[in-house]
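Structure at a glance
What follows is the residue order along each chain.
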Amino acid sequence: MRSFFPAESSKEEHSSSLNPQSWLQVERGKLPKLSSIESLIKVQQPPVLPDFKPVDYVEVLAQIHEELESCSSQEQSNLFLFQYQVFKGLGDVKLMQRSLREAWRRASSVHEKVVFGAWLKYEKQGEELIAGLLTGKRQNEYVPVDVQSHLSDIKVSSQEKVLMNGNNTSPYVVFTIGDEKIVCDRQKFSELSAPFHTMLNGVFCESVSEAIDLSENNISSSGMRAISYFSMTDSLLEQLSPKLLLEILVFANKYCCDRLKDACDRRLASLVTSKEDAIELMEYALDQNSSVLAASCLQVLLRDLPHCLSDSRVVDLFLHPNKQQLTVMAGPGLYALFCFLSEVSMNVNSTSDTTAHFLERLADFAENDKERLLAFHRLGCVRLLRKEYDESRCLFERAVKAGHIYSVTGLARLDSIQGKGHISYEKISSVISPVTRLGWMYQERSLYCDGDLRWKDLEKATELDPTLIYPYMYRAASLMWKENSQGALAEINRILGFKLSLECLELRFFIYLALEDYKAALRDVQAVLTLCPHYRMFEGRVAASQLRTLVLEHVEHLTTADCWAQLYDCWSAVDDIESLSVIYQMLESDAAKGVLYFRQSLLLLRLNCPEAAMRSLQLAWQHASSEHERLVYEGWILYDTGHYEEGLQKAEESICIKRSFEAFFLKAYALADSGLGSICSSTVISLLEDALRCPSDNLRKGQALNNLGSVFVDHGKLDQAADCYIKALKIHHTRAHQGLARVHFLKNDKAAAYTEMTELIEKAKSNASAYEKRSEYGDRDLTKADLEMVTRLDPLRVYPYRYRAAVLMDNHKEQEAIAELSRAIAFKADLHLLHLRAAFHEHKGDVLSALRDCRAALSVDPNHQEMLELHTRVNSHEP
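This section reports on the structure supplied with the text. These figures come from a predicted structure and were not determined experimentally.

The next subject is the side chain of E662. Of note, E662 is situated in helix α38 (residues 661-673). Within the structure, the side chain of E662 is placed 2.8 Å from the side chain of R700, a separation counted as a polar contact. Apart from residues no more than four positions distant in its own chain, E662 is found in contact with F598, V632, W636 and R700.

See below:
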């Protein structure tokens, strides 16, 4: 569900209220009429994002890398947590998870290990199946920490025993508890603690007494016998109840019996297996300063997130204790703990009291400006959503003071809410300078002006950061209001061509409804439901599935055969969104669902939706019709998460049961990427040929032929490669044009290669990659034109920027070359762009800038060999 910022502006074009008549029509099971739908094509203001968004993320990443090189081991985990926040602001999930993994690996205490381990588990929700399939590497990320092994137990030294020796005449002492008498070894009991040593061997009357009454010390006779046993054996009885252990723990804490307390602490910790156990025992752990028990309870609760936050008792355990008690629970990881808790709570309900309270504690435990600015900004966002405007303003001001310029957006929204849009405009303008110009700045400023000024700012926002979706949506809605439907569709299609956004698909759905193009509307709503099965439209009021049902009544019903034919056409046209829609419709039939979910996952990977792709792949696994098919899907799950050798093993297991296309295809893929492919290419060829001999449909056979052609090309077998590509084209595998073009080029027929790619461009609907590939086969002017087209179609593709920058460097235009790279780096943290810019800076003799880019690049990929070499070389030149 979307988390749009509530529209507070009084201006008509910012209003997000629904037309009541339209809403009633949907409620009654009818689609709104054309006139009412047009009134719904409105765009909400972009949210004030609760993320850390530095003005220069490259500089921040470089600073983190530099600090990691020199800081103590205790500081490393928090630095990686800060790096995680930078990548979160950039929206890079893979880099976020890698930073969390590094924070977990570098944790200096078991408490931090517990927090970051639970955080990794939370970030990888839905990947539990992967953990079950793995038998080795990385599995430990999913497994709870053995808290007891990380916290050393307490032993009494022989020197302490000598110091505690006494010279009393009686070797025994009798403790009376009510009518019960417990006989204990005086010397052994005195070794439990200094207080008991003093009591039994000192100058007090108890030192010469044979009987001591402990009836008023809240210890039962059973507890005392257990303590006596411990004093003799240095171990606890096996069958002690939790209630008795707690009684002994309190007694041990009262009389400073550290070894006894530690033993109880550990025994109780081993009994914590559920949320109820953790809730019941955590209070005792905090009251009795029992760190092992507290950490064990904490781990159980954190690994149950987000579910346990619905229990007020759990929330109270985090909010009511004082700092000293919380330190028992989380040690030095207090900031990390509340960073995690607040993030989970924000994902559940960003306006809840729980979220606000967690963020308050996060601010309390922040120790430096980097930590404070994030806490203040996030809490400011929450207060803003809760309409607590005065508190929100104060927090955003504190965040700005701590160095977070992005928090100015929050201050601007607050001024606008008060009807002071001109002040909002000035406030945002004040942070824009020739040196500091970012897309979000112009997007935000556009909210406080009208007409041409607004349009101009939104165009600038798109130029500086083409990944921002609001400018496209606003322009599309504006064009629709002006009855320019084709312009509106072209505008929204611009971003959907490279970024599959649910909000943009929803807007296009409404545009098609307004045009009464129900077939296209059905396509978009089915694509939405594929990406997010529970998505809700109309500001979250109506399930997308309900709207699909209404649209479906206006679209001709397709048979299974019709759907397969349509899927072939879409696949041939490289129309991935239409293909998603067709597969969604086919899943409602009695067709083999495992195969369809698998096809769905392939499309989602192509559309750069890895989380949705993994969900589909797991659904394929759940709906597998046979054991050999299930093993194939398990293999692909492992392959797609980087576990190539394990995926290879699953393929082999499947083949042992039945020789199938998918099993051979998976084995070929996994073998090629397992590190063994370079020495067994003939095996990969043989496997793909085996796959092609097995029954399958032309969609998959076309892909196998295409892959086989690529292997032949890599090994110089151009005629065999061309034969594979031609066969693939005969069964309408359009992408084979690209492989055939490569064969022409390697045969020194550049013109034929260019023509081949032109055919692909004419056939394919998604063709940014085709223009990029064709650019290799034209002369310089044609190459330049093709790469400009690539950037227009998909500004996230980095090769065009690198090519243009290299050409500029060849022409001795160093500043322009660096500016070209910087244009893309501003919105995409890409290793290759940073590497090239670092090399350009080194060439110019700008050592500090080169070093900055090297460090930032190594934050993106710390193991990149060429980057490491450049960093070493540049570092040696630093003054």
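That was the structure; now back to the text.
What follows concerns the sheet that holds strand β2 (residues 180-185). Taken in spatial order, the three strands make up an open sheet running β2-β1-β3, and their pairing is mixed. Since the sheet does not close on itself, it has two edges, and those belong to β2 and β3 (211-213), each with one partner. Neighbour-to-neighbour, the strand axes of this sheet turn through a mean angle of 30°, independent of strand direction. Here six bridges tie strand β1 (residues 172-177) to β2, and the two strands are oriented antiparallel to one another. Each residue of the ladder has a partner; that of Y172, found in β2, is D185. Sitting on the sheet, helix α12 (residues 221-233) is in contact with β1 and β2, with an inclination near 10° to β2.

This part takes up the pattern of salt bridges. Applying the stated criterion across every chain, the model contains 49 salt bridges. R259 serves as the salt-bridge partner of D234, at 2.3 Å between the closest nitrogen and oxygen. With a gap of 25 residues between them, D234 in the loop between α12 and α13 (242-254) and R259 in helix α14 (residues 258-270) connect regions that are remote in the sequence. R259 gets classed as buried once you look at its relative accessible area, which sits at 10%. Between D723 and K727 there is a salt bridge, with its nearest N and O atoms 3.4 Å apart. Taken together, the positions of D723 and K727, both in helix α41 (residues 718-730) and four residues apart, correspond to about one turn of that helix.

So, on to the environment of S416. With respect to the helices, strands and loops of the structure, S416 is situated in helix α23 (residues 408-417). Sequence spacing of S416 and L447 is 31 residues, and the spatial spacing of their C-alpha atoms is 9.1 Å. Here S416 is in contact with G421, S424 and Y448, once residues within four sequence places are set aside.

Looking now at the nonpolar core. Among the nonpolar cores identified, the biggest contains 144 residues, and M224, L302, F318, L337 and F338 are the most heavily contacted of them. The element that contributes the greatest number of residues to this core is helix α19 (residues 334-348), accounting for 10 residues. Contact partners of M224, with chain neighbours within four places excluded, come to F175, I177, I182, F189, L214, I219 and F251. Grouped together as the second largest cluster of nonpolar side chains are 132 residues, I492, V542, L604 and A736 included.

Across the junction of L305 and P306, the peptide omega takes the value 5°, indicating a cis bond. Relative to the assigned elements, P306 resides in the loop between α16 (291-302) and α17 (312-319). Even without being a glycine, F538 presents a positive backbone phi close to 50°. Locating F538 in the fold gives a position in the loop between β4 (536-537) and β5 (542-543). In this structure, H812 takes a positive phi of about 60° despite not being glycine. Topologically, H812 is positioned in the loop between α46 (799-810) and α47 (814-825).

So, on to the packing of aromatic side chains. Evaluated as defined, the whole model comprises 29 aromatic pairs. For the pair F661 and F665, a centre-to-centre distance of 5.5 Å together with 20° between the ring planes defines the contact as stacked. Taken together, the residues F661 and F665, both in helix α38 and four residues apart, mark about one turn of the helix. Residues F661 and F665 agree in their burial class; the two are buried. Within the aromatic cluster, the residues linked to one another by ring pairs are F598, Y633, W636, Y639, Y644, F661, F665 and Y669. The ring of Y472 carries R475 above its face, with NZ or CZ at 5.2 Å from the centroid. Its end group placed over the ring of Y801, R804 keeps NZ or CZ at 5.2 Å from the ring centre.

Take the environment of V48 next. Mapped onto the secondary structure, V48 falls in the loop between α2 (34-40) and α3 (57-70). Residues V48 and S407 lie 359 residues apart in sequence; the distance between their C-alpha atoms is 8.4 Å.

Moving on, we come to the packing of helix α33 (residues 576-586) against helix α34 (residues 593-606). At a closest axis distance of 10 Å, the pairing of α33 and α34 adopts a crossing angle of 160°. In terms of axis orientation, α33 runs roughly antiparallel to α34. Helix-helix and strand crossings are classified by hand; for α33 and α34 the assignment is left-handed. Facing D576, S579, L580, I583 and M586 of α33, the residues of α34 in contact are L596, R599, Q600, L603, L604 and R606. For the contact of α33 with α34, the class distribution of residues is six nonpolar, two polar and three charged.

Basis of the calculations
- Residues numbered from 1 in each chain as written.
- Predicted model: local features only at pLDDT ≥ 70, side-chain atom pairs only at ≥ 80, totals over all residues.
- Heavy atoms only, no water.
- Helix = DSSP H or I, 4+ residues; strand = E, 2+ residues; numbered from the N terminus.
- Polar contact = N/O pair within 3.5 Å; in protein donor to acceptor, adjacent residues only side chain to side chain.
- Contact = heavy atoms within 4.5 Å.
- Pairing = 2+ DSSP bridges.
- Axes fitted to C-alpha atoms, helices over the stretch in contact; angles between N-to-C directions.
- Salt bridge = Lys/Arg side-chain N within 4 Å of Asp/Glu carboxyl O.
- Buried < 20%, exposed > 50% of the residue type's maximum accessible area, 1.4 Å probe, protein only.
- Core = buried A, V, L, I, M, F, W, Y, C linked by side-chain atoms within 4.5 Å.
- Phe/Tyr/Trp six-rings, centres within 6.5 Å; stacked < 30°, edge-to-face > 60°.
- Lys NZ or Arg CZ within 6 Å of the ring centre and 35° of its normal.
- Parallel < 35°, antiparallel > 145°, perpendicular 65-115°, else oblique.
- Left-handed = near helix turned anticlockwise from the far one by under 90°.
- Nonpolar A, V, L, I, M, F, W, Y, C, P; charged D, E, K, R; others polar.

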